[in-house]
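Per-entry structural report
Residue-level listing of the chains:
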Amino acid sequence: MTSLASKAFCRVEKLCHHLPVVLNTFLVFSITGEVSYLVMVEAPLEAEQKKTEWSAWWKSVHLLAQYFMLINICWNAMLFLRTSPSIKGVFLGGEGMGQGWRYCYTCETHTPPRCSHCYDCNVCVLRRDHHCVFFGRCVGFRNYRYFLSCLLFMWSGLLYATLMNAEVFIVILKEGVTLHSVLLLLIPWIMLVSGQVSARAFAFAFIADTCVVGFLLVSAFFFFHVFLMFRGQTTREWYSNRRPYSLGLPGNLSHCLGLRWYICWLCPLIQSPLPGDGIRFQVTGSLDPTR
């Protein structure tokens, strides 16, 4: 009985581990499908413009832009998940241990500066920034580029989707700010279950709300990590108000995104080798926290 319960718990744990990735994938493709529908069917708004050559070019440009962003989101997310930031398979010895090295009692090994143990991944991560609950993987030295590029295209895609869904908000609020329209925007699920709106109205309202909320959340994450990258900090170092490894703006950019930092964000296929090994870092400031 205990063995059966243990197996069931392990299966539930694995399901919960992959649930954020599945949910994010569903939302990304749902938003893309809804925006594609708005471009192909609903726009342009004037009936006489729907069959013109201008309309065809307009739709083609919009579809190319949104699927370019979708491909970049999916590709960077896949590379982020497949690139391990941990110390597994990394030779940590050689030149001896210096300042900043610690001993991890869980992994039973000495770890270099900026490396810390993640209890979710159950492994030490090189230049660990944080554990991303949305992907179920740590953000570290080797996969930071893909994480930030994914955030960039998620931010631009959600901005684009929010602007495209402006017409949805206009249609919902065209008769004024009524109780029905406000409830449809705030609690579309309850409005659907109670039979107050159709499934089509619910779908548009729900995805439009998701675009706005998602854009605000991703904006906060994206600009925070751009701020950290410019300063040469990890999230852990920002909490303790330390900047011991800042190399100036160009050095910080190349350290996070690689030697081709100025172009690698356009496509994950562009090779951009990292200048370091994630073990040794040039110290340019105090290692002690200031607060």
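Conventions and cut-offs
Residues numbered from 1 in each chain as written. Predicted model: local features only at pLDDT ≥ 70, side-chain atom pairs only at ≥ 80, totals over all residues. Heavy atoms only, no water. Helix = DSSP H or I, 4+ residues; strand = E, 2+ residues; numbered from the N terminus. Expected span 1.5 Å × (residues − 1). Buried < 20%, exposed > 50% of the residue type's maximum accessible area, 1.4 Å probe, protein only. 1 Å grid on protein atoms, 1.4 Å probe; cavity = no way out; pocket = protein on both sides within 12 Å on 5 of 7 lines; lining within 4 Å. Points joined across faces, edges and corners; volume = space filled by probe spheres on them. Nonpolar A, V, L, I, M, F, W, Y, C, P; charged D, E, K, R; others polar. Phe/Tyr/Trp six-rings, centres within 6.5 Å; stacked < 30°, edge-to-face > 60°. Lys NZ or Arg CZ within 6 Å of the ring centre and 35° of its normal.

1. Side note on helix H7 (residues 199–231)
Taking 1.5 Å as the rise per residue, H7 with 33 residues should run 48 Å; its terminal C-alpha atoms sit 47 Å apart, in good agreement. Positioned one or two residues after H7, Gly 232 has a phi angle of 70°, which is positive.

2. Observations regarding unusual backbone geometry
A positive phi angle is found at Glu 108, which is not glycine, with a value near 55°. Its location among the elements puts Glu 108 in the loop between strand S1 (102–104) and strand S2 (109–111). The exposed category is assigned to Glu 108, whose relative accessible area is 61%. Phi at Arg 127 is positive, roughly 45°, even though this residue is not glycine. Inspection of the secondary structure assignment puts Arg 127 in the loop between strand S4 (123–125) and strand S5 (130–132). What makes Arg 127 buried here is its relative accessible area of 2%.

3. Considering empty space enclosed by the protein
Going through the model one piece at a time under the given rule, you end up with one cavity of 30 Å³ or more. If you add up the space inside the largest cavity, you get close to 40 Å³. Lining the largest cavity are Arg 114, Arg 127, Gly 232, Tyr 245, Leu 247, Asn 252, His 255 and Cys 256. A per-class count over the lining of the largest cavity returns three nonpolar, three polar and two charged.

4. A word on the environment of Gly 157
Inspection of the secondary structure puts Gly 157 in helix H3 (residues 144–164). Each C-alpha atom, one on Gly 157 and one on Val 28, is 9.3 Å from the other, the two residues being 129 residues apart in sequence.

5. Quick notes on the packing of aromatic side chains
Ring pairs (aromatic) are described by centroid distance and by the angle formed between their planes. Summed over all chains, the structure comprises 18 aromatic pairs. Ring centres of Phe 80 and Phe 147 lie 5.8 Å apart, and the angle between their planes is 40°; on these two criteria the pair is classed as tilted. Here Phe 80, found in helix H2 (residues 53–82), pairs with Phe 147, found in helix H3; they are 67 residues apart in sequence, far enough to count as distant. Judged on exposure class, the residue Phe 80 and its partner Phe 147 are both buried. The ring of Tyr 144 carries the charged tip of Arg 127 above its face, separated from the ring centre by 5.3 Å.

6. As for the layout of surface pockets
Roughly 1000 Å³ of internal volume is contained in the largest pocket. Along its surface, the largest pocket is lined by 43 residues, and Asn 24, Val 28, Met 154, Leu 158 and Val 218 are the ones closest to its centre. Put simply, the parts of the chain that give the lining of the largest pocket at least two residues each are helix H1 (2–42), H2, S5, H3, H7 and helix H8 (235–239). With 10 residues, the top contributor of residues to the lining of the largest pocket is H1.

None of the figures reported here should be taken as evidence of function without further support.
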